[in-house]
Protein chains: 2
Amino acid sequence: MSDSASARLATVQNHMHINACAAVEEPKKKTPQESMAEERVKATFPVRDLTYFLDGGEKFTKIREKFMMELERDPTFRMYDIYDLTKDEMRERTMEKFRTIVHYVSAEPVPIFTMRMQTISMIDPGFWTRFGVHYGLFFGALRGSATSSQFSHWVSKGALALNGMVGCFAMTELGHGSNVAGLETTATFDEASDQFIIHTPSVTATKWWIGGAAHSATHCVCFAQLIVRGKRYGVKSFVVQLRDPKTYTLMPGVNIGDIGKKMGRDGIDNGWIQFTNVRIPRTNMLMKHTKVSRAGEVKEPAMAQLTYGALIQGRVAMVVDSGNIAKKAVTIAGRYAAVRRQFSSNPHDVQETKLIDYAIHQYRLMPLLAMAYAFHFTGVETQKLYDTLMDKLESTQPGDASMGEVLDTLKETHATSAGLKAFCTWSTLNAIEACRQTLGGHGYSAYTGLATTYNDFAVHCTWEGDNTILTLQSGRYLVSCYREAMAGKAQPEGVSYLNDLHKLLNQGCAVKTNEEILSFDVIQEAWNVVTANVVKKAGEDFETSLKAGMNPEAAYEECSQARLAAAKIHSYGYIFRRFAQAVKGAPANLQTILTKVCLLYGLYSIEQNAGFFLQYRYFTPSQMDYVRSQVNTYCRLVREEYIPLIDAFNVTDYMINSPLGVYDGNIYEKYFDQVKRQNPVGQPHPYLPMIQSLLTRNVEDDEPLEDDDEDDE
Amino acid sequence: MSDSASARLATVQNHMHINACAAVEEPKKKTPQESMAEERVKATFPVRDLTYFLDGGEKFTKIREKFMMELERDPTFRMYDIYDLTKDEMRERTMEKFRTIVHYVSAEPVPIFTMRMQTISMIDPGFWTRFGVHYGLFFGALRGSATSSQFSHWVSKGALALNGMVGCFAMTELGHGSNVAGLETTATFDEASDQFIIHTPSVTATKWWIGGAAHSATHCVCFAQLIVRGKRYGVKSFVVQLRDPKTYTLMPGVNIGDIGKKMGRDGIDNGWIQFTNVRIPRTNMLMKHTKVSRAGEVKEPAMAQLTYGALIQGRVAMVVDSGNIAKKAVTIAGRYAAVRRQFSSNPHDVQETKLIDYAIHQYRLMPLLAMAYAFHFTGVETQKLYDTLMDKLESTQPGDASMGEVLDTLKETHATSAGLKAFCTWSTLNAIEACRQTLGGHGYSAYTGLATTYNDFAVHCTWEGDNTILTLQSGRYLVSCYREAMAGKAQPEGVSYLNDLHKLLNQGCAVKTNEEILSFDVIQEAWNVVTANVVKKAGEDFETSLKAGMNPEAAYEECSQARLAAAKIHSYGYIFRRFAQAVKGAPANLQTILTKVCLLYGLYSIEQNAGFFLQYRYFTPSQMDYVRSQVNTYCRLVREEYIPLIDAFNVTDYMINSPLGVYDGNIYEKYFDQVKRQNPVGQPHPYLPMIQSLLTRNVEDDEPLEDDDEDDE
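Residues numbered from 1 in each chain as written. Chains lettered and ligands numbered in written order. Predicted model: local features only at pLDDT ≥ 70, side-chain atom pairs only at ≥ 80, totals over all residues. Heavy atoms only, no water.

1. Considering the UniProt feature "binding site: FAD" (unreviewed entry) in chain A
Residue and element names in this part refer to chain A. Under the present numbering, the feature "binding site: FAD" (unreviewed entry) in UniProt falls on Thr172 and Gly211. The named residues occupy 40 residues along the chain; their greatest pairwise C-alpha distance, 10.4 Å, places them in one compact cluster. Among the structural elements, threonine 172 can be located in the loop between β1 (167-170) and β2 (186-190). Of the residues examined, threonine 172 reaches a relative accessible area of 4% and is grouped as buried. Structurally, glycine 211 can be placed in strand β4 (residues 207-211). (UniProt positions renumbered as here; feature names shortened; annotations may be inferred. Helix = DSSP H or I, 4+ residues; strand = E, 2+ residues; numbered from the N terminus. Buried < 20%, exposed > 50% of the residue type's maximum accessible area, 1.4 Å probe, protein only.)

And the structure:
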């Protein structure tokens, strides 16, 4: 029934078309494949070179292609039937894949293995998560919080190679998510036995959402309130065994259940855990930072901050993932739009018009294509930022002279990754849905891929730091940078616009002709001016509250909406700068096309936030009209080569896993084939008796309902 | 793992809190139920009276409560296990419910039955759709397109009572959605046998998405190109039998398959149909409008438009549904926010702070609550508009003097319902996701309801008229109204601002003090001014293209983005007016609270579209700052009584079907109970051998991969 009503309407509107069509004698029409092929000849740039540039060089393209081939040919990574698997089948399929991946995790250097995982996330986000729980969270916690001797102990027990143990990460509780300080689970030191007693005191203290706990994990890193001699020392982490790795029976005092059905990523067996006086050796507490001695002395770390570099990793991964998933969504929607034809504004047309040739469809898709490019380059830069930080952290000891600078980098990278994780995952989730809707009714089929992509991706917005909370943290950082800048302290590159604050605040666009707006520098200045203003607004709100006598926490709370706005606008400008810098560094033969894409991203983002640019008078209303008109112009320009731009992402049909996004454009036959393969004709009728008893019932038994009795009920 | 990273971060930030907590000796904390109860005592208005007002009177509230009780106690409408049902189980459950509903459909007057269906849509959208396909589309097509004798023939065969037949609606084809004129299926008249031959000539002509076709329907109304004596007459509708109602075997020449898994609404068995020279009696063509005689003469209708009033019904239903589903989403998110506590900006707090007491959380939720109210009143008014139109259509014959006026009403209602369907379904879909995200990690659980609500609702944006196409149609109408107004023709109430066009275009906000902005009249004027300007922009773009020599279709195409903007802004103003009018008509004891909610909706909508209000200089930047600040103020004001405002929706826990949205606030225990009931502990391990073989494998077999061989592959 999809589209039926508008269809009926269309009947009226297009009455003339029909008669026109009737006259034409079966004219030669382009096949879907021809419709696609004609888009590829339009390329004015070497597509393969753009792929190399995106991947960071031919070498890495080859590695990615090697990964894609290995995965496509790996039977445990078969994807053709994935959209029809039940929750339990998905989970079993996920476990199958462990065997493949552990082979690589121990053999490949971390940067290469990271690339492999990034590829896997585009194919099977559920598995990516399940393995990430073991590798990124469980093993990452050991690496980050265990002493070196504790670390080698757990590695020797198989924590990396997954022989004899597989881990999960028991932090969140039913009643406690973002605020870890509020966790209720306790770890009480029992001096007599030299053990910790792990205990769940209430329902809300039940460990919740624990990925891998429901069925697969044998051990967990458990976060609990450390209590020694009746004194609380806050939340620390402890290795607690959950199951016997041979029999998989639960350990004494451990109660585990299945969290059950989720919106997506059903491949991961999330569970809940209750501990009832579970005893573990004292040495199972991860003591790299806080130490508890045999005698019950507690030694607290010198510099807690240094231990939190690790948490940034997950956010960086999600910024990268946003770019990758955006590429996938745009590839499906973009290729469909090159083949799908509907209506025509010219009665003499032999064939209906391609969706992509409608101005409105270009306006729906081209900015998302530009966004995918913007997020790609942002992901690359964020990864670099993170690697630099990690190097600094590992090469610096408390007390080093350079420590102050390292902490600044930590602060900046932390705030930047927080803001970008929220901004990119939000934008990508919206982009997936927007792409899904451009498929019309077919976007609602599971087999066209974007429905599942949406459901799998959505969790990025609330886990590893709820997006709203992360955005507020980033806004908090901007407020403190603003105050430092006002106090004359030079600010780092990411917020360098604060160094020219006074110059920027009341600056308008100084161009003589509108055409001059179409430059990286003007657009960057536009963002700097607007960002400076919104950050100033947040900073002033904060200080007003301070002057009114609020404590800093309350004052930050009071200006939360201004902080949110500041962080959002800051991210727009930040991402545009990353994109523009990448374009400037691109090979000559890619400059022209990438410049168009980058300008489209900049102009579109400005249009979407027109209110701020007019509010702070950087653009006049007529300049803003010009920006709007240029968004359309650049949509048209980018549309000319949009299929080559999509091809450059170099994502195989196997990874796309959508018949509407296939490279050759043969969408209808492949879609129909998939539907028939997954739902063969001529199957026995699943609920025949029910229908028969309905249609053959004795209708006289249908008693009318007495409407007047309501008041008596 | 949800929130784990931000959690770890929080550990740093809240270090001081922990120590503070440590000092406090187990203070008295409010239970979830107490946290909820304290919200209800804040009500300054009689909640029950507001429910009556929303329902249109106590009588209708009683009827709705009767429906809710009947459904809750009907075993076929059990919902506690719905989130775990497979596609096939969902479909079987759907068929179970037919038995209940056919009892009422034949017994209840249409307006009452419509209320029942509206209630059902909030409980089980899949069933609502499946039954709607039979009742609204199949039976509706008979009512709208069959001659009276044809109609009584099909009723006598059981088309209404579902004895001996159940129907579906075969319009959309694999390659043809919105453009029905492009359908490929043919209905060729065979004079010799006095039959039509229904035929599917190609893959893209395969009937697609046909709800009910996969397993349950015995008959369909099929849309096909009428061909008589080699001449095409465009798309007409024909009743085609698909299956033998006794054996459910397919009729000769009919090939049917299952469309399979979808994003949501799996309770409806969508299918594809191919006809291979299927013969039906000539009299199976629905001939109320176009007629084909025994001798093969084709008589075309005098006034095609009159036949399209019916299609508006589905859109009106979706406007109403948007309001209802928004209520459901806001109820879940709102009640959770009254109970869930996280962090605290005051170290001395005995307990963490309620989510709803954070300014940012109020900003996330209160505007959505206001939107739910706005959409409710808009739905009521749109339904009235539609009923009036239908009365006029039924009481008017071609040739009547009043026909011109009737056609104007048709045109207006058609455009209005098109624009509102798109606007309200888009906004509601976004609101569902926004509400889901306010649940943090728990929003990702299937049991908390909003994930499924999102997946079920999403289809509203693309079926019954793709939202983008409908918005463009509404923009097209606005352009033509603009041109009529310029030519001096008075415009109807819905677009009456066009009657004062010249007065409005350059009007600024004339208030002396900012406080005066806080009035229905000023906000309405603001919308009128901005709408007048954007409509004018679209109209001018259109005429520029005409002058440039384009044909009207191409000219409309050229201004499509301006049309889109015009339609969107028009809808904002339209909905605010509906809301404000409803408030003015509300009982005295509800005026104060409803005025706050309505002002919040108006101010928030303006803030969201600040660019236009600054662009056309209705508000100055400083007035816009005031509007922003007042959005926060009104969020705070509405927050004070937001639980009573939610209670007034009067949606039972059974209908909400989310443990986080329960009336009494006992969210954690009910959530935990549901998870345990659906996923009992102590079940046999589903994939034990797989994990064991992984953990006990011979690790020496793990061969390292040679990274240097890439280039050889």
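2. Observations regarding the pattern of salt bridges
Summed over all chains, the structure comprises 92 salt bridges over all chains. The closest approach of N and O atoms between arginine 279 of chain A and aspartate 190 of chain A, which form a salt bridge, is 3.0 Å. Of the two residues, arginine 279 of chain A is situated in strand β9 (residues 278-281) and aspartate 190 of chain A in strand β2; the sequence distance between them amounts to 89 residues. Between arginine 229 of chain B and glutamate 191 of chain B there is a salt bridge, and its shortest N-O distance comes to 3.5 Å. Highlighted residues: arginine 229 of chain B in the loop between β5 (219-228) and β6 (231-241) and glutamate 191 of chain B in the loop between β2 (186-190) and β3 (195-199), separated in sequence by 38 residues. By sharing partners, the salt bridges in this structure join Lys30, Glu38, Glu39, Lys42, Lys354, Asp357 and Arg639 of chain A into a single network. (Salt bridge = Lys/Arg side-chain N within 4 Å of Asp/Glu carboxyl O.)

3. Focus: the packing of helix α4 (residues 47-55) of chain A against helix α19 (residues 588-608) of chain A
All names here are of chain A. The N-to-C vectors of α4 and α19 enclose an angle of 85 degrees; their axes lie 10 Å apart at closest approach. One element, α4, and the other, α19, form an angle in the roughly perpendicular class. Contacts between α4 and α19 involve Asp49, Leu50 and Phe53 from the former and Asn589, Leu590 and Leu594 from the latter. (Axes fitted to C-alpha atoms, helices over the stretch in contact; angles between N-to-C directions. Parallel < 35°, antiparallel > 145°, perpendicular 65-115°, else oblique. Contact = heavy atoms within 4.5 Å.)

4. A short note on the sheet that holds β4 of chain A
All names here are of chain A. Read from one edge of the open sheet, three strands run β4-β8-β7, paired in antiparallel fashion. Only two strands of the sheet have a single partner each, and these edge strands are β4 and β7 (254-258). Neighbour to neighbour, the strand axes of the sheet diverge by 35 degrees on average, direction disregarded. Strand direction decides the pairing type here: β7 and strand β8 (residues 270-275), joined by five bridges, are antiparallel. (Pairing = 2+ DSSP bridges.)

5. A few points about the interface of chain A and chain B
Residue-level contacts link 181 residues of chain A with 181 residues of chain B. At the boundary of chain A with chain B, total buried surface from both sides reaches about 16400 Å², with 62% on carbon and sulfur atoms. In this assembly, chain A and chain B are joined by zero salt bridges. The interface formed by chain A and chain B contains 62 residue pairs in polar contact (both at pLDDT 80 or more). For the side of chain A that touches chain B, the per-class residue count stands at 83 nonpolar, 52 polar and 46 charged. (Buried area = accessible area lost by both parts, 1.4 Å probe. Polar contact = N/O pair within 3.5 Å; in protein donor to acceptor, adjacent residues only side chain to side chain. Nonpolar A, V, L, I, M, F, W, Y, C, P; charged D, E, K, R; others polar.)

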